[in-house]
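Each chain, letter by letter, is given below.
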Amino acid sequence: MANALIKADSFYELYERKSGIQDVTHYCPGCGHGVLHKLIAEAIDDFGIRERTILISPVGCSVFAYYYFRVGNIQAAHGRAPAVSTGIKRVHPESIVISYQGDGDLAAIGGNHIIQAANRGENITVFFVNNAIYGMTGGQMAPTTLAGQKTTTSPYGRNVNSEGYPLKVCELLSSLEAPVYIERVALTDPKNTTKVRRAVRKALQNQIDNKGFSLVEVLSVCPSNWKMTPVQSKQWLVDNMIPQFPLGVFRDKTAEIPNRETIRNTFDQSGVREKLEIPANEKQVQYSLQPKMDFANPKLVIAGFGGQGVLILGLGIAQAAMQAGYNVSWLPSYGPEMRGGTANCNVNISRERVGSPLVTKPTVLIAMNLPSLEKFDSKVEANGLIIYDTSLINKQPTRQDVHVLGIPATQMADELGNTRIANMVILGAFIAYTAVLNKEVVFDALPNFIKRKNLLPLNESAIIRGMEYVLNKVTN
Amino acid sequence: MAEPLKEARVVVREDECKGCGLCIAACPEEVLFEQKHLNRMGYHPAGYKGSGCSGCGYCFYQCPEPGAITVYKKGYVEEEAA
């Protein structure tokens, strides 16, 4: 706005975080976040980029930045803003992605994220607010806490012999090749604030020009946790922080890197099927599948001990269903134990698009041990199906409103000569009971998820045994 | 059509001010002051003495609240804001 300094358009008029007073931020009196917010919002206005700006809010005091900025907003898990920014920027290269982070977020829990994003030279802008303390949680020591600084967790002052030295993010990142622009500035007097304003604009302009990774570290006050007035805290920053965090430009390749056009990565699907050895589409129509009505678009939870092959069972069902032309997802979840722990996976099979890979209410539960049956039994949808291994589970499912299929899979596998193919017995039972898949498609898919080809005949016989068991049971 | 402003002017929205005092400390003309009364949040809001503002904007860029301070510079024409 010419000739006047007015609240930026890139701020909402009212902040709808809470009812009541909605025209002020949640920040403490004198907080540096507000000033940096203003400088960023002003730059977004002036550059005319509001409609394509996506701001990533961190965890920390500035977690609610999305209530203030009238731009696209995403709030990321603690420290993960650079990773979220990376994803968004790569999918929407025309967007202007701002990763706004504090020192607890960026330098502590997210330390590796910022290093990797900087090292990849992501074309994003990072604003790193360093106030040498954990603000939101009440003034604990941060990686950036000054040597000798007293906090609630360093009541005698930070001892560098036991707690190390303040982490210098700009110095650290400027050892990398890829970053284009790294500067440390300070929100103190008007002169330094002007430098912050200039750095903010430069870091955003670099992204607009597709130059690459820019980071501005902004030394900022925390009057509340430093236990000073806002005016005193600015002086404290000058006297104490700047000597340990020298201001200046640590990297500036802005001039030597030419402005680049925005490149949108286009993903070409041709050739992918061949690369992944997925049979061509034509083959899919050969399978004529008529799932029983309750299992038209089944959602499966498959659970058991680690080592029972529950993950490979899910993978096999998903692989076969994919080859049959369904949309599928397979989401494994297992403990750190390879053997003996519990493992489960979620499988979606659908004629529709699959939204979330997560299955919270399965239509089909395959339980290969008792804890799994007890854990997931109550979650199965009405009219769903519970398949359980009666050779290991000596209890009946309690549900009356679902189909229940007990099969002594492990015992049958043992009779075939290998207890570890109990999962394939169950696969056979599953397809025979639901008709979601048939023998042909499963056998076609088998070599794609069974690595040891000499075991294919054994797996095939196990599948057939499982199918026979169900068909005999149904006929009897 | 309003006349262009003959002298710069600063407006403090008292209800949005948290009384941090940074604008007062930064003002080179010393035309901002801490008011005696309390605002709705219980802070002593900053106020403008009514004349002497140079329109430098120091207070605007010191103030952490997005809407608490507005600075109209000399020559500002009211209609621009509409």
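Everything numeric in this text was worked out from a predicted model, so none of it was measured.

Focus: the overall build of chain A
Here comes step 1: Along chain A, the regular secondary structure elements total 17 helices and 14 strands.
Here comes step 2: A compact globule built from 476 residues would reach a C-alpha radius of gyration of about 23 Å, whereas chain A, at 29 Å, exceeds it by more than 25%.
Here comes step 3: Projecting the C-alpha coordinates of chain A onto the three principal axes gives extents of approximately 90 × 50 × 45 Å.
Here comes step 4: When the 476 residues of chain A are sorted by exposure, 52% land in the buried category.
Here comes step 5: Here the contacts in chain A between residues at least 6 apart in sequence split such that 64% fall between residues at least 24 apart.
Here comes step 6: Accessible area of chain A: about 21,600 Å², with a carbon and sulfur share of 52%.
Here comes step 7: Of the charged side chains in chain A, 48 are positive and 41 negative; the average position of the first set lies 3 Å away from that of the second.

A look at the side chain of A:S233
Here comes step 1: Mapped onto the secondary structure, A:S233 falls in helix α9 (residues 230-244).
Here comes step 2: A:S233 has contacts with A:V221, A:P223, A:W226 and A:M228, leaving out every residue within four places of it along the chain.

Let's talk about the interface of chain B and chain A
Here comes step 1: Listed as interface residues are 30 residues of chain B and, on the opposing side, 32 residues of chain A.
Here comes step 2: Taking both sides of the interface into account, the surface hidden between chain B and chain A amounts to around 2,600 Å²; carbon and sulfur atoms contribute 63%.
Here comes step 3: Where chain B meets chain A, there are one salt bridge.
Here comes step 4: For A:D23, the salt bridge identified is with B:R40, shortest N-O distance 2.5 Å.
Here comes step 5: Viewed at the interface, chain A and chain B are joined by 14 residue pairs in polar contact (both at pLDDT 80 or more).
Here comes step 6: Elements with a minimum of two residues in the side of chain B that touches chain A: α1 (22-26), α2 (58-62) and β4 (69-72) of chain B.

Details of the domain arrangement of chain A
Here comes step 1: When cut into domains, chain A gives domain 1 (32-252) and domain 2 (281-475).
Here comes step 2: Inter-centroid distance (C-alpha atoms) of domain 1 of chain A to domain 2 of chain A is 49 Å.

Notes on α9(A)
Here comes step 1: Along its 15 residues, α9(A) runs 20 Å from first to last C-alpha, staying within 8% of the 21 Å computed at 1.5 Å per residue.
Here comes step 2: In α9(A), a bend of some 35° at A:L237 exceeds every other bend along the element.
Here comes step 3: Considering only its buried residues, α9(A) is in contact with β5 (125-130), β6 (181-186), β7 (214-219) and α8 (223-226) of chain A together with α1 and α2 of chain B.

Side note on the packing of helix α1 (residues 32-47) of chain A against helix α7 (residues 190-208) of chain A
Residue and element names in this part refer to chain A.
Here comes step 1: Between α1 and α7, the least distance of the axes is 10 Å, while the angle of their chain directions is 45°. Relative to α7, the element α1 lies oblique. As for how α1 packs across α7, the hand of that crossing is right-handed. From α1, V35, L36, L39, I40, E42, A43, D46 and F47 reach across to α7, where they touch T193, V196, R197, V200, R201, L204, Q205 and I208.

Comments concerning the nonpolar core
Here comes step 1: If you look at the biggest cluster of nonpolar residues, it comprises 54 residues, and the most contacted ones within it are A:L36, A:I40, A:F69, A:F127, A:V200 and B:I69.
Here comes step 2: Top element by residues in this core is α1(A). It accounts for seven residues.
Here comes step 3: Apart from residues lying up to four places away in sequence, A:F127 is in contact with A:L36, A:I40, A:I98, A:S99, A:Y100, A:Q101, A:V200, A:A203, A:L204 and A:V216.

A few points about the environment of A:G304
Residue and element names in this part refer to chain A.
Here comes step 1: Looking at the element boundaries, G304 is found in strand β9 (residues 299-305).
Here comes step 2: Relative accessible area serves as the criterion here: at 0%, G304 is assigned to the buried category.
Here comes step 3: Residues G304 and R251 lie 53 residues apart in sequence; the distance between their C-alpha atoms is 54 Å.

Let's talk about the sheet that holds β6(A)
Residue and element names in this part refer to chain A.
Here comes step 1: The strand order across the open sheet built from seven strands is β3-β2-β4-β5-β7-β6-β8, with neighbouring strands paired in mixed fashion. The outermost strands of the open sheet, each flanked by one partner alone, are β3 (72-75) and β8 (248-252). Each strand axis lies, on average, 15° off the axis of its neighbour in the sheet, ignoring direction.
Here comes step 2: Strand direction decides the pairing type here: β6 and β7, joined by six bridges, are parallel. Of the residues in β7, the one forming a bridge with Y181 is S214.
Here comes step 3: Taken strand by strand, α1 contacts β2 (53-57), β4 (96-102), β5 and β7, and its axis lies near 175° from that of β4.

Cut-offs applied
- Residues numbered from 1 in each chain as written.
- Chains lettered and ligands numbered in written order.
- Predicted model: local features only at pLDDT ≥ 70, side-chain atom pairs only at ≥ 80, totals over all residues.
- Heavy atoms only, no water.
- Helix = DSSP H or I, 4+ residues; strand = E, 2+ residues; numbered from the N terminus.
- Rg over C-alpha atoms; globule rule 2.2 N^0.38 Å.
- Buried < 20%, exposed > 50% of the residue type's maximum accessible area, 1.4 Å probe, protein only.
- Contact = heavy atoms within 4.5 Å.
- Areas by Shrake-Rupley, 256 points an atom, 1.4 Å probe, with all protein chains shown as cover.
- Lys, Arg positive; Asp, Glu negative; His and termini not counted.
- Charge placed at Lys NZ, Arg CZ, Asp CG, Glu CD.
- Buried area = accessible area lost by both parts, 1.4 Å probe.
- Salt bridge = Lys/Arg side-chain N within 4 Å of Asp/Glu carboxyl O.
- Polar contact = N/O pair within 3.5 Å; in protein donor to acceptor, adjacent residues only side chain to side chain.
- Domains from an automatic or database assignment.
- Expected span 1.5 Å × (residues − 1).
- Bend = angle between axes of the 7 residues up to and from the residue.
- Axes fitted to C-alpha atoms, helices over the stretch in contact; angles between N-to-C directions.
- Parallel < 35°, antiparallel > 145°, perpendicular 65-115°, else oblique.
- Left-handed = near helix turned anticlockwise from the far one by under 90°.
- Core = buried A, V, L, I, M, F, W, Y, C linked by side-chain atoms within 4.5 Å.
- Pairing = 2+ DSSP bridges.

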